[in-house]
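Each chain is listed here by its residues.
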Amino acid sequence: MDINVVQLLFSGLTVGAVYAVTALGFTVVYNATGVVNFAQGEFLMLGAMLAATGVLHGVPLPFAVVLAVGAVVVIGVAMDVLMIAPLGRSHLVATVIMTIAASIVFKGVALLAFGANARPLPAFSGEASLWLFGAAISPQGLWVVGTVLALLVLFWLVFRGTMLGWSLLAVSDHSEAAALMGISVRYATALAYAVSAGSGAIAGIVVAPITFATWDMGTMLGVKAFSACVLGGMGNPVGAVVGAVALGVVEAFAAGFVSTGLRDAFSFGILLAVLVLRPSGLFVAAAR
């Protein structure tokens with residue numbers, strides 16, 4: 001069997017970048033609220049479906065992207081105001097369950113509104129593959145990788161070098177103390193959901209030309225992205241990206257050398273092994 005290792009590596013990096021761009025959305029809400037938002041994958045799905053629907057109805061791609069991201073940001077804020085805020089910050093378990101309920105509602109509404117058929121979204125810069133070291137690279141894959149790097153740098157700058165980021169971290173660490181210092185906990189939480197929804201929508205839009213937009217595309221991507229966050233250390237953007245890339249590369253090599261059907265077993269097996277040895281994840285110490 002002749003296997004192109006470089007091709008597997010590029011495929012793994014592309015898949016890992018897809019997981020990473022989704023995982024970054026998890027870190028925003030977790031850093032601001034201490035809650036895992038299990039509706040993050042549906043933000044991705046909604047961004048992809050709304051952009052693809054806009055293009056199908058003749059809206060130019062750039063305008064469809066802007067409208068889709070704006071709509072998902074509004075949905076994210078509405079989710080916080082209508083479903084999360086009434087629970088308060090002392091009911092973390094109920095809040096997590098509410099995000100799961102929101103995920104189910106979003107999928108059901110998307111199925112009714114858009115139907116079960118997959119919707120295409122055109123590639124941003126053509127579909128002709130680029131060749132490097134004998135391996136084919138999708139231009140859209142480079143868009144995904146570039147988006148991950150841009151979001152990673154943006155989040156790192158915001159959380160490490162701005163009052164806004166410090167305020168979000170302060171609210172996460174001790175909301176009562178943050179409020180006594182004049183930080184609006186309610187505003188910070190709503191802002192976190194807005195950023196999370198917006199980054200999720202962007203993730204869905206850059207991924208859709210590769211995977212197509214479907215009503216259930218966010219489920220597995222959300223699970224893999226959450227796994228990447230756990231592997232890298234919850235709340236650590238760098239750890240989330242490293243964990244996502246590791247999962248993507250492991251899956252690609254498992255599919256190439258063993259079996260496509262076992263790639264998820266390999267990736268989750270490594271996740272379990274790491275968590276047994278280091279339950280807090282690989283990079284959590286560097287994040288605090």
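Residues numbered from 1 in each chain as written. Predicted model: local features only at pLDDT ≥ 70, side-chain atom pairs only at ≥ 80, totals over all residues. Heavy atoms only, no water.

Closest axis-to-axis distance for the helix α1 (residues 5-33)/helix α8 (residues 185-211) pair is 8 Å, and the angle between their directions is 170°. In terms of orientation, α1 and α8 fall into the roughly antiparallel class. Contact residues: T14, V18, V21, T22, G25, V28, V29, A32 and T33 in α1; T189, A192, Y193, V195, S196, S199, A203, V207 and I210 in α8. Residues of the contact of α1 with α8, tallied by class, amount to eleven nonpolar, seven polar and no charged. (Axes fitted to C-alpha atoms, helices over the stretch in contact; angles between N-to-C directions. Helix = DSSP H or I, 4+ residues; strand = E, 2+ residues; numbered from the N terminus. Parallel < 35°, antiparallel > 145°, perpendicular 65-115°, else oblique. Contact = heavy atoms within 4.5 Å. Nonpolar A, V, L, I, M, F, W, Y, C, P; charged D, E, K, R; others polar.)

All right, on to helix α4 (residues 92-114) then. Quick reminder: α-helices carry 3.6 residues per turn. Residues three or four places apart thus point the same way. Look at α4: 32 Å from first C-alpha to last across 23 residues, which is about the 33 Å you get at 1.5 Å a residue. Elements in contact with the buried residues of α4: α2 (40-56), α3 (61-84), α8 and α9 (217-232). Just beyond α4, the residue with positive phi is G115, at close to 85°. (Expected span 1.5 Å × (residues − 1).)

According to the stated counting rule, one finds five aromatic pairs in the structure shown. Between F124 and W143, the aromatic rings sit 5.2 Å apart at their centres with planes inclined by 80°, giving edge-to-face as the arrangement. With F124 in the loop between α4 and β1 (130-132) and W143 in helix α5 (residues 139-161), the pair connects residues that are 19 residues apart, well separated along the chain. Residue F124 is classed as partly exposed on the basis of its relative accessible area, which comes to 24%. On the basis of relative accessible area, W143 is assigned to the partly exposed category, the value being 39%. Each ring, one from F253 and one from F257, has its centre 6.0 Å from the other, and the planes form 15°; the classification is stacked. Remark: F257 and F253 occur in helix α10 (residues 237-257); sequence separation between them is four residues, near one turn of the helix. A connected cluster of aromatic rings, assembled from ring pairs, spans F26, F38 and F226. (Phe/Tyr/Trp six-rings, centres within 6.5 Å; stacked < 30°, edge-to-face > 60°. Buried < 20%, exposed > 50% of the residue type's maximum accessible area, 1.4 Å probe, protein only.)

In short, shape yes, function no, at least from these values alone.
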